[in-house]
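The lines below spell out each chain.
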Amino acid sequence: MSLMRSEAKAALWRWREAIIGLAVAALGLHWVVNLWGILNWMGYPVLLIGITLVIMGVQRGRFRTGGEAPGVVQIDEGRISYFGPLSGGIADLSDLSALAIDPGSRPPHWVLTRRGEPDLHIPLGASGADALFDAFAALPGIRTEHMLRQMQAGGTDRIVIWHRADMPRPPVRLH
C-alpha cells in the first residue's frame with residue numbers, strides 16, 4: 001500500500017530538481033536570517049546555489065512531458081540512440097545539422113536532421129527522452145527557453161529549434 005497517489009508521485013518526480021533547489025534555498029535563507037558568524041556568510045552562496053537549482057529544475061520539469069510514447073532513448077558519449085517499435089536509429093550530436101519539433105505528428109516528435117542520412121524521429125514522451133535535454137543543451141548556440149516554449153506551443157507545422165550555423169537552414173517540407 002502506497003502512502004501517495006501515483007499522480008502526485010509522478011508530479012513530484014517531474015519537478016524533483018526544483019523541489020531540491022527550494023529546500024537548498026530555504027536552508028541558505030535560514031542561515032542568512034537566523035544565524036551569525038561563518039554560517040551566516042555561508043548562507044549567501046547556499047541561497048544562490050538553491051536559486052540556480054530552482055531555475056534549472058523548472059527548465060527540466062518543463063522539458064519532461066510525462067507521456068507514455070513508444071520506444072526507448074539512450075544517450076552515450078554524444079550518441080543518441082532511439083529504438084522504437086516501427087523505426088529507430090542512431091545520431092551523433094556532432095553530425096546533427098538541425099533539430100526540429102513536429103507537434104503535428106501523433107505523438108509529437110523531435111526531428112533530428114543529419115548530413116546525408118534520413119531524419120531521425122523521436123517521440124517526446126519516449127522512455128529515456130528526459131536525457132535529451134542535456135544532449136540538446138550541448139548544441140552550440142541553442143536557446144533552451146525557445147525550445148521549451150515551442151514544446152508547449154502546439155500547432156501542426158514543424159518548427160526548427162536549432163540549426164548548425166555553418167550549414168544552410170533546412171527547407172520546410174509541406175508534407
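Above: the structure in question.
Residues numbered from 1 in each chain as written. Predicted model: local features only at pLDDT ≥ 70, side-chain atom pairs only at ≥ 80, totals over all residues. Heavy atoms only, no water.

This brings us to helix α2 (residues 16-34). Residue pairs three or four apart in sequence face the same way in an α-helix, which turns once every 3.6 residues. Helix length check: α2, at 19 residues, gives a terminal C-alpha distance of 27 Å against a target of 27 Å (1.5 Å per residue), a fit within 8%. Buried within α2 are the following residues: A18, G21, A25, G28, W31 and V32. Along the axis of α2, the buried positions cluster into a sector of 140°, meaning they face one direction only. Turned more than 90 degrees off the buried face of α2, the exposed positions are I20, L22 and V33. Of the surrounding elements, those touching the buried residues of α2 are α3 (38-63). (Helix = DSSP H or I, 4+ residues; strand = E, 2+ residues; numbered from the N terminus. Expected span 1.5 Å × (residues − 1). Buried < 20%, exposed > 50% of the residue type's maximum accessible area, 1.4 Å probe, protein only. Arc of directions from axis to C-beta. Contact = heavy atoms within 4.5 Å.)

Sheet strands associate in pairs through backbone hydrogen bonding, adopting either a parallel or an antiparallel arrangement. Strand order in the open sheet formed by three strands is β1-β2-β3, and the pairing between neighbours is antiparallel. If you trace the sheet from one side to the other, it starts and ends with β1 (72-76) and β3 (88-92), each paired once. Going from strand to strand, the sheet's axes swing by 10° on average, the running direction of each strand aside. Inspection of the sheet shows strand β2 (residues 79-83) paired to β3 by five bridges, in the antiparallel sense. Residue pairing for β3: F83 is matched across the bridge by G88. (Pairing = 2+ DSSP bridges. Axes fitted to C-alpha atoms, helices over the stretch in contact; angles between N-to-C directions.)

Turning our attention to unusual backbone geometry. Residues other than glycine predominantly adopt negative phi, and peptide bonds predominantly adopt the trans conformation. Across the junction of R106 and P107, the peptide omega takes the value -5°, indicating a cis bond. One can find P107 in the loop between β4 (96-102) and β5 (109-114). The phi dihedral of E77 is positive, around 50°, even though this residue is not glycine. Along the polypeptide, E77 turns up in the loop between β1 and β2.

With that settled, consider the packing of helix α1 (residues 6-14) against α2. Their axes nearest at 5 Å, the elements α1 and α2 cross at an angle of 70°. Between α1 and α2, the angle is such that the two are roughly perpendicular. When α1 is examined against α2, the residues L12, W13 and R14 are found in contact with a partner set consisting of R16, E17 and I19. For the contact of α1 with α2, the class distribution of residues is three nonpolar, no polar and three charged. (Parallel < 35°, antiparallel > 145°, perpendicular 65-115°, else oblique. Nonpolar A, V, L, I, M, F, W, Y, C, P; charged D, E, K, R; others polar.)

So, on to the side chain of N40. In this structure, N40 sits in helix α3. On the accessibility criterion, N40 (12% relative accessible area) is buried. Separated by 3.1 Å, the side chain of N40 and the backbone oxygen of L35 make a polar contact. Discounting residues that sit within four places of it in the chain, N40 has contacts with W31, V32 and L35. (Polar contact = N/O pair within 3.5 Å; in protein donor to acceptor, adjacent residues only side chain to side chain.)

Looking now at the packing of α2 against α3. Where α2 meets α3, the closest approach of the two axes is 7 Å, and the angle between their N-to-C directions is 160°. One finds that α2 runs roughly antiparallel with respect to α3. Crossing of α2 against α3: the hand is left-handed. For the contact of α2 with α3, a count of residues per class yields 17 nonpolar, six polar and two charged. (Left-handed = near helix turned anticlockwise from the far one by under 90°.)

Read from one edge to the other, the open sheet built from four strands follows the order β6-β5-β4-β7, with strand pairing classed as antiparallel. The open sheet has two edge strands with one neighbour each: β6 (120-123) and β7 (159-163). Averaged over all pairs of adjacent strands, the angle between their axes in this sheet comes to 20°, without regard to strand direction. Note: β5 against β6, four bridges, orientation antiparallel. By the bridge assignment for β6, L112 is matched with L120. Across the sheet, helix α5 (residues 144-153) lies against β4, β5 and β7, angled at about 160° from β7, the strand it touches most.

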